[in-house]
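What the coordinates show
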Amino acid sequence: MPDRDHRDMTAGHTGPRRKAEIFGATLDLLAECGYDDLTIEHVAQRAGVNKTTIYRWWGSKSELLRDALLKSNALRFDAPDTGSLHGDLSALADRVRSLLAADRSRALIEAALVGAVRHQPLRELATSFLEDRFVRHQPLFERAVARGELPADFDSAPLVDALAGALWIRVLVRRQPVTEEFAQGLLTALLEGCRAGR
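Analysis parameters
- Residues numbered from 1 in each chain as written.
- Predicted model: local features only at pLDDT ≥ 70, side-chain atom pairs only at ≥ 80, totals over all residues.
- Heavy atoms only, no water.
- Helix = DSSP H or I, 4+ residues; strand = E, 2+ residues; numbered from the N terminus.
- Buried < 20%, exposed > 50% of the residue type's maximum accessible area, 1.4 Å probe, protein only.
- Polar contact = N/O pair within 3.5 Å; in protein donor to acceptor, adjacent residues only side chain to side chain.
- Contact = heavy atoms within 4.5 Å.
- pLDDT = per-residue confidence, 0-100.
- Salt bridge = Lys/Arg side-chain N within 4 Å of Asp/Glu carboxyl O.
- Axes fitted to C-alpha atoms, helices over the stretch in contact; angles between N-to-C directions.
- Parallel < 35°, antiparallel > 145°, perpendicular 65-115°, else oblique.
- Left-handed = near helix turned anticlockwise from the far one by under 90°.
- Nonpolar A, V, L, I, M, F, W, Y, C, P; charged D, E, K, R; others polar.
- Core = buried A, V, L, I, M, F, W, Y, C linked by side-chain atoms within 4.5 Å.

Attention now moves to the side chain of Ser105. Take Ser105: it is sitting in helix α7 (residues 103-118). Given a relative accessible area of 8%, Ser105 falls into the buried group. Of note is the side chain of Ser105, whose polar atom sits 2.2 Å from the backbone oxygen of Leu99. Non-local contacts of Ser105, meaning those with residues more than four positions away in its chain, are made with Leu75, Leu99 and Leu100.

Spelled out as structure tokens, the structure:
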């Protein structure tokens, strides 16, 4: 495909757009066929680029998938700032709930988690992704400490794991929808536990 090769090599100014298309193709294929069947060749075909274009930017499937997970908007949402810990966590739970309610993002999360159990590279990617999201949401807890809602030495990691884990298990394991009532009941139980811990 000489025309496409020429376009890929000369259109450097389209790099960000091209990368976004490659990220989208990568995550679509992960959701559709899983980590085992995800290949650079399939991504190139889906994105409409030559595979040499992908290899110029990423040396392996794992490197490509890492950037696709961390830099695309597929699973991204900003940390809420409602003025209270309860409000922030409620908004956060709603955003996770929306992700899990959408077919594409739910399939993507499920494929990543299943693959992480079997493949060390994807397990490392999942860890990097979760750590990145944890850092992004730390301001939520820092504001709660400043308002006096949490002690200065509060460790937010167990709370975040419990909140996200319960939502994921509800959808991916139990195959039940995350209702508003479930989310609020979960949030109330977690916050009561935090207060008891204080």
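Moving on, we come to the confidence of the model for the chain. On average, the chain scores 83 in pLDDT, and the residues at 70 or more come to 91%. Of all helices and strands in the chain, the one with the weakest mean pLDDT is helix α1 (residues 2-10) (42), whereas helix α3 (residues 40-47) scores best (95). pLDDT under 50 marks residues 1-13. Its contacts with residues more than four places away, or in other chains, come to 13 contacts.

This paragraph deals with the pattern of salt bridges. In a structure, side chains of opposite charge can pair up when their charged atoms sit close to one another. Enumeration over the complete set of coordinates arrives at 17 salt bridges. Close ionic contact of Asp88 with Arg143 constitutes a salt bridge, the shortest N to O distance being 3.7 Å. With Asp88 in helix α6 (residues 85-101) and Arg143 in helix α8 (residues 120-146), this pair connects stretches of sequence that are 55 residues apart. A relative accessible area of 23% places Arg143 in the partly exposed class.

Quick look at the packing of helix α2 (residues 15-33) against α3 now. The packing of two helices is summarised by the inter-axis angle and the distance between the axes. One way to put it is that α2 packs onto α3 with a least axis distance of 9 Å and a crossing angle of 120°. Here α2 lies oblique to α3, going by the angle between them. Judged by the sense of rotation from one axis to the other, the crossing of α2 with α3 is right-handed. Together, Glu21, Ile22, Ala25, Thr26, Asp28, Leu29 and Glu32 of α2 and His42, Val43, Arg46 and Ala47 of α3 make up the contact between the two elements.

Helix α9 (residues 157-173) packs onto α7 with a crossing angle of 100° between their chain directions and a minimal axis gap of 11 Å. In this view, α7 runs roughly perpendicular relative to α9, as classed from their interaxial angle. Between α7 and α9, the residues in contact are Arg106, Ile109, Glu110 and Leu113 and Trp168, Val171 and Leu172, respectively. When grouped by side-chain class, the residues that make up the contact of α7 with α9 number 5 nonpolar, no polar and 2 charged.

What follows deals with the nonpolar core. Formed by 54 residues in total, the largest nonpolar core has its most connected members in Ile54, Leu65 and Leu89. Those elements that provide at least two residues to this core are α2, α3, α5 (61-71), α6, α7, α8, α9 and α10 (180-197). Setting aside its immediate chain neighbours within four residues, Leu89 contacts Leu140, Phe141, Leu159, Leu163, Leu187 and Leu191.

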